[in-house]
Each structure stands twice: as structure tokens, then as C-alpha cells.
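Spelled out, the chains give:
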Amino acid sequence: MLVLLRIRRIITSNSQRFKISHSYSLKLHSTVALQLPPPDESQPIEPLTKTQLKTLVLNHYTHGKFTNLVRNVVASPIVLFTACENVAAPRTQNAPFRPGSHSLVSERFSIEAMGRELRENRFNVGACCVTVKPSSKNGSPLVLPNLKLKVLVEAIRMVLEVVYDERFVTFCYGGRVGMGRHTAIRYLKNSVENPSWWFTVRFKSQKFEHAHVEKLCFFIEHKVKDGVLIDLIKRLFEYKALVIELGGNCLGRGLPQECGLCSIFLNIYFDGFDKEIQEKRLRENQENRELSPKLIGSGSGSDMFYKPVKVYAVRYLDEILIATSGTKMLTMELMTGVVRSLELGLGLHVDKVNTAIHSAVSEKIEFLGMELQAVQPTVLRPLMSEKAIRARKKYLRQKEVRSLELKNARERNRRKLGLKIFDHVYKKTKQSDGFKFDFSIEDEAREIFNSWANEVVQEFLSNIDECQEWHRSLSAGDFLSLRHIRNQLPPELVDAYDKFQEQVDKHLNPIKARKAIEEEERRAKEEEEQKYAKGTVEDLTRLCMKVDAPIILIRKAVKLVGFTNHMGRPRPIEFLVALEDTDIIKWYAGIARRWLDFFCCCHNFKMVKTIVTYHLRFSCILTLAEKHESTKREAIKHFSKDLKVYDMDGNDEVHFPTEREVKMMGDRNLSDPKPVDGVLSLAIVRLASDEPPSHCIAHFCDKTTSVFYRIRLLQNCLNVNPLEKGKWVQGMVGIHESLNRKCLPLCTDHVNDLYLGRITLQDIDCSSCMEVD
């Protein structure tokens, strides 16, 4: 009976809790369904937080599926408003961005009308797509979404992120919050141990076709029951507003034809494959359990080592790496199963020639634009040589001497100050009958002198040589130790002398102190030996992951662009002479900072620093000298090595990373780098045109500008086709031919942000490009 009452009480409480949460969700939904305020509203709407958006999406989860997400969530004005804020280009001013203002509602598009079209399933995707024709007749056109369609795509991405992000496996990177390239590299460096064989899956160049889109929609229907969403996805691929190309170099680069929704779709498409790999990993880990440390032993006292077979996997969008610590036969079975799942299960074309097994120790493998190899721990953290150890000990001794000199100087100054005070007091006492104070300072003076006396005594007792000298002088000539002399003296004198000798031995005898010092040195030596033995054993039995930047490809890119000549020395770039001085420096600074941010997790990052600080810096200086028809020395004298420029107010600005900043960079504070959008192959030239003022085409920028910039692509200046692998750099992205010689109205702030890499081509409405003669 008591059990029944308890169950009834639990059910009642849960039902009340459900009523409260249901009423809260209805209240939230009613709040979300409110229309935007009129344009003259003084208080702007606040966008949804992640928690509020998650609550709103979870309210439509019934019977294991999410239902009617487009009509009830995506079409809500507040969700579209939040998508507008996510799409908006970053602002350099302190003023906050409010897309709900009059500039968005009246001049861009109406959120209310857009939400109404989505609820009624009459949103025209084709009308929101703009076809940009190439300047040459042989090029293919490029389809770009306008700003209204980008907001819709961002709203769908936000909703699908809430639905799927927590359901993806742990080794799925890319298109997720806080799980980018550097996060994947950090996992490889910290978690992968003793890899023996590995392989990367390479795809043939192919686009998402109708069959892939149908399969993607089939996967989405497992979790989401929404015909309007499926229809929208199909229309986005049909009108080429979304383009996914596997096996190319465009994914995750921030190009204008990309969006965040492509990454979510790829993760959904590969989700079943990821879970299959996860099951294989768990099966291998269960079959090869770790033994107890008591059975294996530890340290150098045991010659038995056990390495369990483990399988590691990392997938970043369409790049897949699988490593094992087992045999080559196990790796071949894994590769066969992976290729079969991708070809038969997902309908993808795997490049079997480049998908091959490599030895993790003797061969490097390329992944995420970096080179990986399994090495011994001493390769990553080499031991100090004897010369370095001697130099370090010398430095520590010099440091101790400097600290002792400072301490002696402090004591000397304190003694001088005390003598001055006593001298002044003595003179005043002689000149007068004495000092008369209303208060007594004897206690304060006694406390100060006691502290000084204690410091002097402690310093004296800490010096073993001085204590030994005093002990020798006080205990030498101990004639009272003779019995016939002790018997002739009074007992009180003998007892006093014995007590005095006890105190001398207690405080001045350095034997105990020397024993403590010797014991400490012996313990430090044993710890160093144990550490060396442990490091030697680990170096022979353990393998770590070494991540290197592809220096050969970077040098090839440096030579292709024209930073260096055939001798490898810096040279000026001619097609940048048409730019202003500040724009030239910002163009170089954007490339330098992106390379430093991208490769800061690599072991050979010092070589990347050298390329940036020497080749790029002096190429920029030579380009400025070429423009002004001066020498390199005059350019350095004017701009300095830090390439300083001055703004309108006369304040100096430094855009290129200084030598001090470059030295301080490293892999201590890794943060996932921004997408590389091909700034290396892009230059924009300011035009002197008589066009009427127009809005800046950065997303939701409320500034009006009359300055136009023409896009010039590197491949056109060099007469090189990015598809030619022999002449182009592998992994270096090329911007689509259709944007060449197009003109962009941009304000000053967003031009600087585009050069310096704070925004990418995704943050610009490239569908609004103009043809200006």
C-alpha cells in the first residue's frame, strides 16, 4: 500500500511539472509568435539565446520525431531575426548591430512577409538566386543566394544544429560549435598513442546529385517529420543555392558559394557511417582490454610491456583518417569495410588509388592540410645536451649572484638609512634638551629593530661556511674537557661552560645542515636518474603524433604568388602596385596572420614564422619601394620594419604582425582558425568612378558609400588554371572565375576587415556585384 501511495505521489508531481513546463513552452511560443515592432520602435528586439532556441525546438518533439519545424520555428519572426544577427558581418564600431531596425525591414526585406511565405509554403527559392556570369566565354556561371535566402539558410542551420549536434559521434569535426580543425589536431596529438598503420579516405571529385539529395532527405526524415523542410532542401539543391562538392579543396574555405548548412548536411549524411565506425572501435576496445598495472609492472623494474590494440578515427567534413595500433591485416580489413560502406551505403566514389595504407612511423600522411607522423617522445621534446645543461646551470648561478647583489644593495641602503636616522637624532638631542612627543614610539622602533635582527641572524645561520668558522673558533682549545682541570674549577663554571658548548653545537655545528644538503642533492640526483630511465623506456616503447606544416607546399605557394624569386629571396609583386600603401600592407598582413593562425599547432611552426617574418615582410617592403620608386632602405626608414602607417588623425597603425608578436605565437592557446577563403589569390583595387552612392554590400551594413573596389584574381594575373595540378599548389583554394573583375561597393571598415581576414567572402553579398567600366 505504501508503494502504491508513493508511485501515485510521483506521478502527480511529474504531471504538475509537465503542466508547468507545457504552460511555459506555450508562453514562450506565444512570445516568439509576436510580430516585430514598427520601425520607429525605440527598444530593439533581443535575439534568442541558444537555450531559448533549444527550448523552442524541443517543444515540437513528439513520438521520437520533430514535427513542423519550418512553420512553427523557422518561420517565427524572432528566429529569423536571430538568423539575421548571425549572418551579419562583424562590426568594428562599438555600436551594436540591430537588424530589426528600419534599414532591414524597409530596405532589405520584411521579416513578417518572409515568415508568412514560409508558413504558407510559397517561398520562391529560384527568385532569390542570382547567376553571376564569368568575364570569359569559356567559364561556367556561378549561382549565389541573395541576402534573404542566406537568412533562411542560416535559420534552417540553427534549427538542425539543435536537432543533430548532440547526436553526432565524438570524432565528428567541422560545422559544430567548438569542434574545428585545431580541435581535431589537439585530439590527434593528445589522445592517439602508438599508431602503427593508418589511411585517409580520398574521394573522387563529385557533386551532390539528385540521388545523394534523396538519400540525405531520407536520413533527415528519420528524425524530422516535416514535408515543408524536405521540399525546401530539395529546392535549394535544385536551384544550386547549396553546392556540395566532395574531393575538392573548397569545403570549409569560406567561399561565397558555401554556407554553414553544407557542413550540417555532410555530418547528417555521414552520421550512419560514423556510428558504424564507432561500433567497430568499441568492439576492438572490448576484445583488447588493458591489463592490470600489477600484472605488467611499472617503470624500469619490469621488462614487460603491453600495448592494447586500439582504433582511432577522425572525420572533418569529407576528410577521414583512421589509425590503428594493430597489425596491417587489421587495418586492411578496416579499410575494406570503410570503402564498402561509403560506396554501397552512401553511394560515393572513393579514389582507391590514393586511399592506401601507410606506415605511421616511416611515412608521413597528409590530413587537414598538415603532415602527420608517429615519432618517439624525444623527437617532440628533445633532451638537453650537455652543453645546454652547462649553459643552464651557468645561467642559474648568474641569476643567484644577481639576486644576492640586489639583496646586499638593499641591506646596504637600509644600513645607510639607519645611520642617517641615528645621526640626525643625535644632533637634535645635542642641540636641545630632548624630544617631546605626545605618543610613544619605543614599541614601533623595538619591533622594527627586532625584525632586522631576526633577518640578520637567519641569514647568518643559513650560511654554513660562516657557522663552521665560528664553531671552529669557539670550540678550539677545549682545555676544560680535561678531567684534572675540570675537577679544579667550581662546578657552576663547568656547568655553564657545558651549556654554552651545547648551544654552540646546536646552532653553529654545520654537520646536520651539511647532511640535509647532501640528502637533498642525493634525492634530486635519484629523481633525475629515474626520470631519465622513464624517459628512455617511453622513448623505446611509445609513439606520439607529430604534426608538421607542409613547408614544401608553403614555399611553392610563396614562389607561385611571387613573394620570392627563383633563388628564394624576397621580391616585389607588380600587380599590387595599383593599391594604396595601407591596402598593400593589409593584403600582406591578412595572409601572414591567417598562416600563423592556421599552422600555430604545428611542430615546425618556427619555419612558418621565418617565412612570414622574412619573405612576406620584405616582399611587402620591396613592393612599397617599387611603387614609390625608392630603395628598400628608404622604405624601411619610412614605414619601419613593423610596416607602420598613419591614419587621418596622425596616429600610427600596425596591421602586419610585429616580430615580437610572431615570437610569442605558439600552440599554447589554440583556437579554431577562421575559414581560409583564398585571400592569397584575391586582390581588390579601388576605383575612381562616378557611380551614385549605394549601400555597402556587407551583410546588414547600414553605411552608404561611393567607393567601389574591383576584384582581381591571382590565377588571371598569372595566367594559371587552378585545375592544373602541375602548376597550381595542392590545397591552395582558387576563387570562382565569375567574380573576376566584378566591382563591390564596400565601406572603409569592411574593406579593412576583408583584407585582414576578420570577414570572409561569405559575409559579403556577392550576388550584388556590379559591372563597372
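Keep in mind the model is a prediction, meaning the values are calculated, not measured. (Residues numbered from 1 in each chain as written. Predicted model: local features only at pLDDT ≥ 70, side-chain atom pairs only at ≥ 80, totals over all residues. Heavy atoms only, no water.)

Engineer: Explanation requested: the overall build of the protein chain in the structure shown.
Structural biologist: Across its full length, the protein chain holds 28 helices and 22 strands. Split into buried and exposed, the 773 residues of the protein chain put 42% on the buried side. Taking all contacts inside the protein chain whose residues are at least 6 apart in sequence as the whole, residues at least 24 apart take part in 76%. Counting only carbon and sulfur atoms, one obtains 53% of the accessible surface of the protein chain, whose full area is about 44,400 Å². (Helix = DSSP H or I, 4+ residues; strand = E, 2+ residues; numbered from the N terminus. Buried < 20%, exposed > 50% of the residue type's maximum accessible area, 1.4 Å probe, protein only. Contact = heavy atoms within 4.5 Å. Areas by Shrake-Rupley, 256 points an atom, 1.4 Å probe, with all protein chains shown as cover.)

Engineer: Got a minute to help me understand helix α6 (residues 111–119) in this structure?
Structural biologist: Spacing of three or four residues puts side chains on the same side of an α-helix, whose turn is 3.6 residues. Among the residues of α6, those classed as buried are I111, E112, M114, G115, E117 and L118. At the C-terminal side of α6, N121 shows a positive phi close to 55 degrees.

Engineer: Just to check I follow, could you spell out unusual backbone geometry for this structure?
Structural biologist: The general pattern is negative phi for most residues beyond glycine and trans for most peptide bonds. Phi angles above zero are rare outside glycine, and N68 is one such case at about 50 degrees. Note that N68 resides in the loop between β2 (65–67) and α3 (69–74).

Engineer: Just checking my understanding: could you explain the packing of aromatic side chains for this structure?
Structural biologist: The geometry of an aromatic ring pair is captured by two quantities: the separation of the ring centres and the angle between the planes. As enumerated under the stated definition, the model contains 16 aromatic pairs in all. Where W587 meets Y588, the ring centres are 5.3 Å apart and the plane angle is 90 degrees; that geometry is what we call edge-to-face. For W587, a relative accessible area of 1% gives the class buried. You can call Y588 buried: its relative accessible area is 0%. An aromatic cluster is built from F203, F208, F218, F219, F237, F265, Y269, F270 and F273, whose rings are joined through pairwise contacts. (Phe/Tyr/Trp six-rings, centres within 6.5 Å; stacked < 30°, edge-to-face > 60°.)

Engineer: Explain the confidence of the model for the protein chain here, please?
Structural biologist: A low pLDDT means the predicted coordinates there should not be read in detail. For the protein chain, per-residue confidence averages 78 on the pLDDT scale, and 79% of positions sit at 70 or higher. With pLDDT under 50 throughout, residues 1–42 is counted as low confidence; its partners more than four residues away or in other chains account for 22 contacts. Scored below 50 in pLDDT, residues 92–106 makes 30 contacts in the model with residues more than four places away or belonging to other chains. (pLDDT = per-residue confidence, 0-100.)

Engineer: Would you mind going over the pattern of salt bridges with me for this structure?
Structural biologist: Where charged atoms from two side chains of opposite charge come close, those side chains can pair. Counting across every chain of the model gives 23 salt bridges. Taking the shortest distance from any N to any O, the salt bridge between R523 and E520 comes out at 2.7 Å. Placement of both R523 and E520 in helix α21 (residues 511–541) is noted, with a separation of three residues, approximately one turn of the helix. In this structure R523 comes out as partly exposed when scored by relative accessible area, which is 35%. For the salt bridge of R593 with E661, the shortest nitrogen-to-oxygen distance reads 3.6 Å. One end of the pair, R593, is in helix α23 (residues 581–598); the other, E661, is in helix α26 (residues 659–664), with 68 residues separating them in the sequence. Take E661: its relative accessible area is 35%, and that puts it in the partly exposed class. (Salt bridge = Lys/Arg side-chain N within 4 Å of Asp/Glu carboxyl O.)

Engineer: Just checking my understanding: could you explain the sheet that holds strand β8 (residues 224–225) for this structure?
Structural biologist: Through backbone hydrogen bonds, the strands of a sheet pair up, either in parallel or in antiparallel fashion. Ordered in space as β1-β2-β8, the three strands form an open sheet in which the pairing is mixed. The open sheet has two edge strands with one neighbour each: β1 (61–62) and β8. Bridge count between β2 and β8: two bridges; the pairing is parallel. Paired with T67 across the strands is K225, a residue of β8. (Pairing = 2+ DSSP bridges.)

Engineer: In this structure, what is going on with the pairing of strand β6 (residues 197–201)? I would like to understand it.
Structural biologist: The side chains of a regular strand alternate, residue by residue, between the two faces of the sheet. Counting buried positions over the five residues of β6 gives four, a clear majority of the element. Pairing analysis gives five bridges linking β6 to strand β11 (residues 319–324), with the strands arranged antiparallel. In the sheet register, W197 faces β11, and the bridge partner there is T324. Judged from the two bridges that link them, β6 and strand β12 (residues 358–359) form a sheet pairing that is antiparallel. Across the sheet, W197 pairs through a bridge with S359, a residue of β12.

Engineer: Explain helix α24 (residues 605–627) to me, please; I cannot follow it from the model alone.
Structural biologist: For α24, with 23 residues, the first-to-last C-alpha span of 32 Å sits near the 33 Å given by 1.5 Å per residue. Remark: E629 follows α24 within two positions and exhibits a positive phi of approximately 55 degrees. (Expected span 1.5 Å × (residues − 1).)

Engineer: I tried to follow the nonpolar core on my own but got confused; where do I start?
Structural biologist: Most often, soluble globular proteins have nonpolar side chains that are buried together. Ranked by internal contacts, the top residues of the largest apolar core, which has 191 residues, are L149, L188, F265, L342, W587 and Y588. Element by element, the count of residues in this core is highest for helix α7 (residues 147–164), at 13 residues. Excluding residues within four positions of it along the chain, L188 makes contact with V314, L321, F367, L372 and M545. (Core = buried A, V, L, I, M, F, W, Y, C linked by side-chain atoms within 4.5 Å.)

Engineer: Mind showing me how you'd approach the sheet that holds β12 here?
Structural biologist: If you walk across this open sheet you meet the five strands as β5-β10-β11-β6-β12, and the pairing is mixed. A strand with exactly one partner marks an edge of an open sheet, and here the two such strands are β5 (172–173) and β12. By the bridge criterion, two bridges tie β5 to strand β10 (residues 311–316) in an arrangement that is parallel. Among the inter-strand pairings, C172 is bridged to a residue of β10, identified as R315. Those strands touched by helix α12 (residues 271–287) are β5, β10 and β11, and its axis lies near 165 degrees from that of β10. Where helix α14 (residues 328–345) meets the sheet, it contacts β6, β10 and β11, and its direction lies at approximately 15 degrees from that of β6. (Axes fitted to C-alpha atoms, helices over the stretch in contact; angles between N-to-C directions.)

Engineer: In this structure, what is going on with a nonpolar patch on the surface? I would like to understand it.
Structural biologist: Among the surface-exposed residues, L417, I421 and V425 lie close enough to one another that they form a single nonpolar patch of about 260 Å² accessible area. Position of V425 relative to the elements: it lies in helix α16 (residues 386–431). (Patch = residues over 30% accessible without salt bridge, like charges linked within 9 Å, V, L, I, M, F, W, Y side chains within 5 Å.)

Engineer: Just to check I follow, could you spell out the side chain of H655 for this structure?
Structural biologist: Locating H655 in the fold gives a position in the loop between β17 (652–654) and α26. Within the local environment of H655, its side chain forms a polar contact with the side chain of E653, the two groups lying 3.2 Å apart. Setting aside anything within four residues of it in sequence, one finds H655 in contact with T582, I585, K586, A589, R593, V645 and L756. (Polar contact = N/O pair within 3.5 Å; in protein donor to acceptor, adjacent residues only side chain to side chain.)

Engineer: I keep staring at the environment of V79 and nothing clicks. Help me out?
Structural biologist: Mapped onto the fold, V79 is located in helix α4 (residues 77–87). With relative accessibility at 0%, the residue V79 sits in the buried group. Once the C-alpha coordinates of V79 and L53 are considered, the two residues, 26 residues apart in sequence, prove to be 7.9 Å apart. Residues in contact with V79, not counting those within four places in the same chain, are L48, L53, L56, V73, V74, A155 and M158.

Engineer: Would you explain the packing of helix α2 (residues 50–58) against α7 in this entry?
Structural biologist: For any two helices packed against each other, the geometry is given by the interaxial angle and the distance between the axes. Their axes nearest at 10 Å, the elements α2 and α7 cross at an angle of 75 degrees. The orientation of α2 with respect to α7, classified from their angle, is roughly perpendicular. Residues L53, K54 and V57 of α2 touch α7, and the partners they reach there are M158, V159, V162 and V163. The residue inventory of the contact of α2 with α7, partitioned by class, reads six nonpolar, no polar and one charged. (Parallel < 35°, antiparallel > 145°, perpendicular 65-115°, else oblique. Nonpolar A, V, L, I, M, F, W, Y, C, P; charged D, E, K, R; others polar.)

Engineer: How do you make sense of the environment of W452 when you look at a structure like this?
Structural biologist: As for its position among the elements, W452 is in helix α17 (residues 442–462). We classify W452 as partly exposed; its relative accessible area is 28%. Between the C-alpha atom of W452 and that of R414, which follows or precedes it by 38 residues, the distance is 9.7 Å.

Engineer: I would appreciate a short explanation of the side chain of R315 in the present structure.
Structural biologist: Mapped onto the secondary structure, R315 falls in strand β10. Take R315: its relative accessible area is 1%, and that puts it in the buried class. A distance of 2.8 Å separates the side chain of R315 from the backbone oxygen of L317, its partner in a polar contact. Here R315 is in contact with F171, C172, Y173, L266, N267, F270, D274 and I320, once residues within four sequence places are set aside.

Engineer: Explain a positive patch on the surface here, please?
Structural biologist: Taken together, R412, R415, K416 and K420 make up a surface patch of like positive charges. On the secondary structure map, R415 appears in helix α16. Residue R415 is classed as exposed on the basis of its relative accessible area, which comes to 52%. (Lys, Arg positive; Asp, Glu negative; His and termini not counted. Charge placed at Lys NZ, Arg CZ, Asp CG, Glu CD.)

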